[in-house]
Amino acid sequence: MVDGTRIASVEDVPEVGSYLFTAEDAFTNEREVILVRCERDPGVEAWINNCTHENQRLDRGSGAAMRDGEIICPKHGSMFDACSGDCDNGEAAGTTLPDIEIAVENDTVFLTDDNYTYLHEGGTDDDDGPDSTSHIGF
């Protein structure tokens, strides 16, 4: 049995796109987190919903843009590997998305990261959008 909080079923995580939820960090800051499908076990990964280059949400509420197993930043087009979080192109090249520890058991995704507490499905109430004008649309 997994020691963690249920987030969603694996079926809730789209094959292409993301499942958005909100968690609270150790400093009581609300953080958006995305679940994305990954070809490696356990089949789903969790990342902070923020580009490493600039304060830019990857999932703005309708799923992160993805192509060929990579999450695409909507501002500059940097692409992050869905399994490792690594970016090797664009403005965010050489960086890695901050990960959140999860576990999958019986087709259910659990938050197991001791630094975060699950709050709710969906994003934060603070929806001011990106910090600057987006240049790429999907």
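So, here's what we can say about the structure.

Rules used throughout
Residues numbered from 1 in each chain as written. Predicted model: local features only at pLDDT ≥ 70, side-chain atom pairs only at ≥ 80, totals over all residues. Heavy atoms only, no water. Helix = DSSP H or I, 4+ residues; strand = E, 2+ residues; numbered from the N terminus. Buried < 20%, exposed > 50% of the residue type's maximum accessible area, 1.4 Å probe, protein only. Contact = heavy atoms within 4.5 Å. Areas by Shrake-Rupley, 256 points an atom, 1.4 Å probe, with all protein chains shown as cover. Disulfide = S-S within 2.5 Å.

On to the overall build of the protein. For the protein, the helix and strand inventory stands at 0 helices and 10 strands. Tracing the protein from N to C terminus, the helices and strands come up as β-β-β-β-β-β-β-β-β-β. Each of the three principal axes of the protein carries a C-alpha extent, and together these read 45 × 30 × 25 Å. Scored against the burial criterion, the 138 residues of the protein give a buried share of 45%. Sequence-distant contacts, at least 24 apart, represent 52% of the contacts inside the protein between residues at least 6 apart. Accessible surface, the protein: about 7400 Å² in total, of which carbon and sulfur atoms supply 40%.

This paragraph deals with the state of the cysteines. For the structure shown, the criterion picks out 1 disulfide. Note that Cys38 is cross-linked by a disulfide to Cys83, the S-S spacing being 2.0 Å. Because the sign of the S-S torsion sets the handedness, a value of about 120° for the bond joining Cys38 and Cys83 places this disulfide among the right-handed ones. Here the residue Cys38 occupies a position in the loop between strand E3 (30-37) and strand E4 (44-48), and Cys83 occupies one in the loop between strand E7 (79-81) and strand E8 (102-105), the gap between them amounting to 45 residues. In this structure Cys38 comes out as buried when scored by relative accessible area, which is 9%. The class of Cys83 is buried, set by a relative accessible area of 14%. Of the cysteine sulfurs around Cys51, a residue in no disulfide, the closest is that of Cys73, at 3.7 Å.

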